[in-house]
Amino acid sequence: MKRTNLDALSAHYRTADYRELYTKVIALIDSRKIKPVKASGKNGKSPALYREYWIIEEKQDISEYIYELNYEIVPSISTDYYRAHIDQYIQDRQWVLLLNDYIKNNDFMTRMSENERSFDIWHREKFLKQEQGKKILKRCGLETAFFNYYRTTEPIAYYTATRQTPQNLLVLENKDTFYSMRKCLMHGGNMHTICGTPIGTLIYGAGKGIIAAFSDLDTSGEPYMLAPENRILYFGDLDYEGIRIYEKFAEKFAAAYGAQYDIRLFQCAYERMLTKADRIGIEDLPRTKEGQNRNIGSLFLGWFSQLQQTRIKAILEQDRYIPQEILNIQDMV
């Protein structure tokens, strides 16, 4: 209950005359809208009034909401939480009822993007992404999978030399290398090879962006790219960050599309990088960027011979790295 005093009551009811204020206060007490705080003491006037009062809040009739939760909400929506927290239901009710109506009239067979589904249900395209939307789904006992939507990422940039399968798809970390290798494929006639390896498609990964983009390859790419017999090759900077991108990419892609996909390093390009770096000398290679996470696994190094692993570790341990750009178009034929 809220607490008030005579001055506040006088101001609220605009009663400057004490007799009029007394009559109003007594009427409020009789109608059980306020009750005196006896510990506050009386004001010493005649007739006397207590100095402070409790405001008695009217109890809200919640029978309508109980009935609604028990009999009008579809079985897909759990009402356990809201039946135990009616006040929260009253706050969330407009959103719950929009969801309820949508489930009644839609079968979710048509898959659509997250923002499209969100707008279709709540007329707010970002509702599913917002904290309020997430909380309401949790209170309704619904997982996001129920809504049959997909998340959209930045579209991947790629160049297709051929759509025939099986083929090698080469994922590249940096755009300079992407453009140079695209030139190789465009001017290579029917050979479609880079470093002597047949390549059907080049994909620009944009660094870490490739991890998110490939998780939605079925929507951001073309059907031929997901043919299980394809081989996916990765080529990035030879530094801690580039190694971690490959290892995370291989892990996430296998989780999204199944372990049957063959995800390898574009080993011949890395070998050419090492050969060229040997000619330059470790001390003349660029220094590793500060702040890189150096916690790499064994997957990347496992593709190389012991001698090559030793050379790679020597470069990394001396805080040096080899950028993809060490190879130019002349090194790719």
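Overview of the structure. The numbers attached to residues start from 1 for each chain and follow its sequence in the written order. Since the coordinates come from a predicted model, pLDDT governs what is reported: local features require at least 70, and pairs of side-chain atoms require 80 or more to be given and counted, while whole-chain, interface and lining totals use all residues. As a rule here, side-chain values come from all non-hydrogen atoms in the structure, and water together with hydrogens is ignored.

The next thing to look at is the pairing of strand S7 (residues 168–172). Working definition: with a 1.4 Å probe on protein chains only, accessible area under 20% of the residue-type maximum means buried, over 50% means exposed, and in between means partly exposed. Going along the chain from the N terminus, every DSSP run of H or I of four or more residues is numbered as a helix, and every run of E of two or more is numbered as a strand. With five of its five residues buried, S7 lies for the most part within the structure. Of the two faces of S7, the one lined by Asn168, Leu170 and Leu172 and the one lined by Leu169 and Val171 are each fully buried. Relative to strand S11 (residues 231–235), S7 runs parallel, the two being bridged by five bridges. Within the sheet, the bridge partner assigned to Leu170 lies in S11 and is Leu233. Only strands that DSSP links by at least two bridges are regarded as paired with each other. One ladder, built from four bridges, connects S7 with strand S10 (residues 201–204); its direction is parallel. The residue of S10 that forms the bridge with Leu172 is Tyr204.

Right, let's get into the packing of aromatic side chains. Aromatic ring pairs are described here by two measures, namely the spacing of the ring centres and the angle between the planes. Stacked, edge-to-face and tilted are the three classes for Phe, Tyr and Trp ring pairs, Trp counted by its six-membered ring, which pair at centre distances within 6.5 Å; planes under 30 degrees apart are stacked, over 60 edge-to-face, the rest tilted. Counted under the stated rule, the structure contains 21 aromatic pairs. Among the aromatic residues, ring-to-ring pairing joins Tyr234, Phe235, Tyr246, Phe249, Phe266, Tyr270, Phe300 and Phe304 into one connected group. Our definition puts a charge over a ring when NZ of Lys or CZ of Arg is within 6 Å of the ring centre and also within 35 degrees of the ring normal. Its guanidinium or amino end placed over the ring of Trp54, Arg3 lies 5.2 Å from that ring's centre, counting from NZ or CZ.

This paragraph deals with the pattern of salt bridges. By salt bridge we mean one thing: a side-chain nitrogen of Lys or Arg within 4 Å of a carboxyl oxygen of Asp or Glu. Here the structure, examined in full by the defined rule, presents ten salt bridges. The partner of Lys129 in a salt bridge is Glu114, with the nearest N and O atoms 3.5 Å apart. Separated by 15 residues along the polypeptide, Lys129 in the loop between helix H6 (114–122) and helix H7 (131–139) and Glu114 in helix H6 bring together distant segments of the chain. According to the relative accessible area criterion, Glu114 is buried, its value standing at 6%. Put simply, Asp278 and Arg311 hold a salt bridge, and the shortest N to O gap is 2.5 Å. Taken together, the residues span a long stretch of sequence, with Asp278 in helix H12 (residues 267–280) and Arg311 in helix H13 (residues 306–317) at a distance of 33 residues. When its relative accessible area of 24% is taken as the criterion, Arg311 is described as partly exposed.

Let us look at the pairing of S10. Regular strands have side chains that alternate between both faces of the sheet. Where strand S6 (residues 157–160) and S10 come together, four bridges link them in antiparallel fashion. Bridge assignment links Ala157 to a residue of S10, and that residue is Tyr204.

Before going further, it helps to examine the sheet that holds strand S3 (residues 52–55). Read across the sheet, three strands follow the order S1-S3-S2 without closing on themselves; strand pairing throughout is antiparallel. The outermost strands of the open sheet, each flanked by one partner alone, are strand S1 (2–5) and strand S2 (34–36). In this sheet, adjacent strand axes meet at a mean angle of 35° when their direction is disregarded. Summarising the sheet, S1 and S3 pair through four bridges and their orientation is antiparallel. Its bridge partner being in S3, Lys2 is matched across the sheet by Ile55. Axis lines are fitted to C-alpha atoms, over the contacting stretch for helices. Their N-to-C directions set the angle, which ranges from 0 to 180 degrees.

Spanning twelve residues, H13 covers 16 Å between terminal C-alpha atoms, matching the ideal 16 Å at 1.5 Å per step. Those residues of H13 that fall on the buried side of the exposure criterion are Gln308, Gln309, Ile312, Ile315 and Leu316. The arc that holds the buried residues of H13, viewed along the axis, is 125°, so those residues lie on one side. Exposed and oriented more than 90 degrees from the buried face of H13 are Gln306, Leu307, Thr310 and Glu317. One less than the residue count of a helix, multiplied by 1.5 Å, gives the span that helix is expected to have. This arc is taken over the directions from the axis of the helix to the C-beta atoms.

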